[in-house]
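Examining the three-dimensional arrangement
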Amino acid sequence: MDKDFRELSEQRSHSGIVGELVGFMKHNKKWWLTPIILMLLLLGALIVIGGTGAAPFIYTLF
């Protein structure tokens, strides 16, 4: 049993968290998660940029 697990783990590519997420969405047909993840990333980027010198330019958008 250990040998099978080791072989399976060696066959998988080491693509990082983004590759793992895309692989999960492909395998489980969870493509509806894509817009949710993109919006969360966009919101996170706005929060980070809001704490910098670019904040006055972002606030004028809203």
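Residues numbered from 1 in each chain as written. Predicted model: local features only at pLDDT ≥ 70, side-chain atom pairs only at ≥ 80, totals over all residues. Heavy atoms only, no water.

1. Here's the deal with the overall build of the chain
- Helix and strand counts for the chain stand at 4 helices and 0 strands.
- Starting at the N terminus, the α and β elements of the chain follow one another as α-α-α-α.
- Split into buried and exposed, the 62 residues of the chain put 6% on the buried side.
- Summed over its atoms, the accessible surface of the chain is roughly 5800 Å², and 71% of this surface lies on carbon and sulfur atoms. (Helix = DSSP H or I, 4+ residues; strand = E, 2+ residues; numbered from the N terminus. Buried < 20%, exposed > 50% of the residue type's maximum accessible area, 1.4 Å probe, protein only. Areas by Shrake-Rupley, 256 points an atom, 1.4 Å probe, with all protein chains shown as cover.)

2. Some thoughts on helix α2 (residues 16-28)
- Helix length check: α2 (13 residues) gives 18 Å between terminal C-alpha atoms against 18 Å at 1.5 Å per residue, within 8%.
- Directly beyond the C-terminal end of α2, a positive phi value near 55 degrees is found at lysine 29. (Expected span 1.5 Å × (residues − 1).)

3. Details of a nonpolar patch on the surface
- Residues Ile17, Val18, Val22 and Trp31 make up a contiguous nonpolar surface patch of roughly 440 Å² in combined accessible area.
- Looking at the element boundaries, tryptophan 31 is found in the loop between α2 and α3 (33-50). (Patch = residues over 30% accessible without salt bridge, like charges linked within 9 Å, V, L, I, M, F, W, Y side chains within 5 Å. Salt bridge = Lys/Arg side-chain N within 4 Å of Asp/Glu carboxyl O.)

4. Topic: the confidence of the model for the chain
- On average, residues of the chain score 80 in pLDDT, and 79% of them reach the 70 mark or higher.
- Across the chain, the element-wise mean pLDDT spans from 65 in helix α1 (residues 2-11) up to 90 in α3. (pLDDT = per-residue confidence, 0-100.)

5. Thoughts on unusual backbone geometry
- At lysine 29, a position not held by glycine, the phi torsion is positive, near 55 degrees.
- Take lysine 29: it is sitting in the loop between α2 and α3.

6. Side note on the packing of α2 against α3
- For the pair α2 and α3, the least separation of the axes is 11 Å and the interaxial angle reads 155 degrees. Classified by the angle between their axes, α2 and α3 sit roughly antiparallel to one another. Mapping the contact onto sequence places Leu21, Phe24 and Met25 in α2 and Leu33, Thr34 and Ile37 in α3.
- Among the residues making up the contact of α2 with α3, the classes are represented as 5 nonpolar, 1 polar and no charged. (Axes fitted to C-alpha atoms, helices over the stretch in contact; angles between N-to-C directions. Parallel < 35°, antiparallel > 145°, perpendicular 65-115°, else oblique. Contact = heavy atoms within 4.5 Å. Nonpolar A, V, L, I, M, F, W, Y, C, P; charged D, E, K, R; others polar.)

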